[in-house]
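Each chain is listed here by its residues.
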Amino acid sequence: LLAARAEAVIERDGTAFRRTLADPKGPYGRAAIRSFDALVTLPVRSYSLVPSFDALGDLGRPRDEVRYPAADEVRIYLVQERYAFDGFDERAVFQDHYLTFVRRADRWSIASDSDLEDVGLFSQKNIWDFGAPEVSRSENLLGLGAPGSDVAALLDVAETARRRVIERWSRPWSERTVLIQPADSEQIAHIIQATYDVAPYVAFAFWTGGAKDFPGARIIAEPEAFASASAERALSILTHEMFHVAALESSGPSMPHFIDEGYAQWIQYLGDAAALTRAHGYADGDLPEDHEFFIGSADEIYAVYQRSLSAVAYLIDRWGEGKAERLYARIGSMDGPGTAAARLDAAFEAVLGLSLNDFEGAWASSI
Ligand SMILES: [Zn+2]
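Here is a short report on the structure shown in this document. Computed from a prediction, not measured in an experiment: that's the story for all the values here. (Residues numbered from 1 in each chain as written. Predicted model: local features only at pLDDT ≥ 70, side-chain atom pairs only at ≥ 80, totals over all residues. Heavy atoms only, no water.)

## Some thoughts on the overall build of the chain
Phase 1: On a plain count of helices and strands, the chain comes out with twelve helices and eleven strands.
Phase 2: For 367 residues, the compact-globule formula gives about 21 Å, and the C-alpha radius of gyration of the chain, at 23 Å, lands near that figure.
Phase 3: On the principal axes, the C-alpha backbone points of the chain span a range of 75 × 45 × 35 Å.
Phase 4: Looking at the chain residue by residue over its 367 residues, the buried ones come to 50%.
Phase 5: By sequence separation, contacts in the chain at least 24 residues apart represent 66% of the contacts at least 6 residues apart. (Helix = DSSP H or I, 4+ residues; strand = E, 2+ residues; numbered from the N terminus. Rg over C-alpha atoms; globule rule 2.2 N^0.38 Å. Buried < 20%, exposed > 50% of the residue type's maximum accessible area, 1.4 Å probe, protein only. Contact = heavy atoms within 4.5 Å.)

Structure, rendered in structure tokens:
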């Protein structure tokens, strides 16, 4: 690790591109070293930078050359930053960086990770890029908080949430995760590389890679939301996100958001009859479509979540938790030819004995 901080060497065709040390006084070099110094205080098992020279090719443009008038050559490549936390990530988490390699005489150095932000290509950030985090650890959870935050208190609540999920979700998962509480929602947007407005959301379950072959999941808590939340509300939110982490192992590309979000809320609000009544009040008989979860006002998004809870509560009420879990796993394992809708239909038929359309109709007439 220390060697990587001092000099990450990336080679291609005999050319060595060296990270940071060639220009440790430049703004990128200074930030990278600061970030690395914070990272090595955490339980990191592995770290590497892996360039994808051929994935997107050289992304540098004439205007990037103008930025570095003293350079003999400027290239911008997609580089994957990979790291794994010991005891939490079975495989390395990977994150996209867009790094500018600058050659002066025969020496290459990395000059920037932000030159492509004007076209929306942001290098992914981690909480330690914003300063050395507060660290707290329990047997099953690792908590990283913005400097000055009480991440240990948050971790306690997350442990309770973890036990709640284990009680209601019998499918296998690692039962361990990393909890992150950045300083504000702007940092969150950089960490999760949000392409939508994160303001209406109080927490996120986040991972890189696809469901099932994801290398490591994170729960990200929005600090203001938690600062003003009661203990009960904080537990409720973390239970919801913990479910997402638990379910990831059984999920897949065909999983509709309404099932994920409805199930997460069903566990979150278990035993809260008022929450269920409220949800059924929003149900209009139309199962929410995926895009509805990201587009719209906070009120509209809230209503979409309520409709999802209503539908999943109906599913579990009528068919039971065992079948609901089996349906989830069936949808999660579906891949291959045909449309997503056809695959969903097949899963509903196989597990519940009726099509998705018939399920929607049955739910609508139950309200
Ligand atoms: Zn959710």
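The structure having been displayed, the exposition proceeds.
## Describing the environment of alanine 342
Phase 1: Its place among the elements puts alanine 342 in helix H11 (residues 340-352).
Phase 2: Expressed as a C-alpha distance, the spacing of alanine 342 and leucine 356, which sit 14 residues apart in the sequence, is 9.2 Å.

## As for the coordination of the zinc ion
Phase 1: Summarising the metal site, the zinc ion is bound by the protein donors His240 (NE2), His244 (NE2), Glu261 (OE) and Glu261 (OE), whose distances to it range over 1.9 to 2.8 Å.
Phase 2: Taken together, the four donor atoms surrounding the zinc ion define angles of 52 to 149° at the centre, an arrangement classified as irregular.
Phase 3: Read in sequence order, the donor residues for the zinc ion give the motif H-x3-H-x16-E. Here the residue histidine 244 occupies a position in helix H7 (residues 231-248), and glutamate 261 occupies one in helix H8 (residues 257-268), the gap between them amounting to 17 residues. Here the two residues histidine 244 and glutamate 261 agree in accessibility, since each one is buried. (Donors = N, O, S within 2.8 Å, 3.2 Å for Na, K, Ca; no water. Tetrahedral: all angles 85-135°; square planar, octahedral: opposite > 155°, others 65-115°.)

## Describing unusual backbone geometry
Keep in mind that most residues, glycine aside, have a negative phi and that most peptide bonds are trans.
Phase 1: For alanine 105, which is not glycine, the phi torsion reads 55° and is therefore positive.
Phase 2: Mapped onto the secondary structure, alanine 105 falls in the loop between strand E5 (93-104) and strand E6 (107-112).
Phase 3: With phi around 50°, glutamine 193 is a residue other than glycine that occupies positive phi space.
Phase 4: Structurally, the position occupied by glutamine 193 is in the loop between helix H5 (185-192) and strand E10 (203-207).

## Structural notes on the sheet that holds strand E11 (residues 217-221)
Phase 1: With mixed pairing, five strands are arranged side by side in an open sheet as E7-E8-E9-E11-E10. Since the sheet does not close on itself, it has two edges, and those belong to strand E7 (134-137) and E10, each with one partner. If you compare each strand with its neighbour and ignore which way they point, the axes differ by 20° on average.
Phase 2: Note: E10 against E11, five bridges, orientation antiparallel. Bridged to alanine 203 within E11 is alanine 221.
Phase 3: Helix H4 (residues 151-168) rests against E7, strand E8 (141-145), strand E9 (177-181) and E11 of the sheet, and its axis sits at about 145° to E8.
Phase 4: Sheet contacts for H7: E8, E9, E10 and E11; angle to E10, the most-contacted strand, approximately 15°. (Pairing = 2+ DSSP bridges. Axes fitted to C-alpha atoms, helices over the stretch in contact; angles between N-to-C directions.)

## Re the pairing of E6
Phase 1: Burial analysis of E6 places five of its six residues in the buried class, the great majority of the element.
Phase 2: Pairing of E5 with E6 involves five bridges; the strand directions are antiparallel. Bridge assignment links phenylalanine 101 to a residue of E6, and that residue is isoleucine 110.
Phase 3: Hairpin connection between E5 and E6: a loop of two residues separates the two successive antiparallel strands, and alanine 105 in this loop has a positive phi of roughly 55°.

## Comments concerning the packing of helix H9 (residues 273-282) against helix H10 (residues 298-332)
Phase 1: For the pair H9 and H10, interaxial distance at closest approach is 7 Å and the crossing angle is 110°. As summarised for this structure, H9 and H10 are arranged roughly perpendicular, according to the angle between their axes. Side by side, H9 and H10 meet where Ala275, Leu276, Arg278, Ala279, His280 and Tyr282 of the first sit next to Tyr302, Ala303, Gln306, Arg307, Leu309, Ser310 and Ala313 of the second. (Parallel < 35°, antiparallel > 145°, perpendicular 65-115°, else oblique.)

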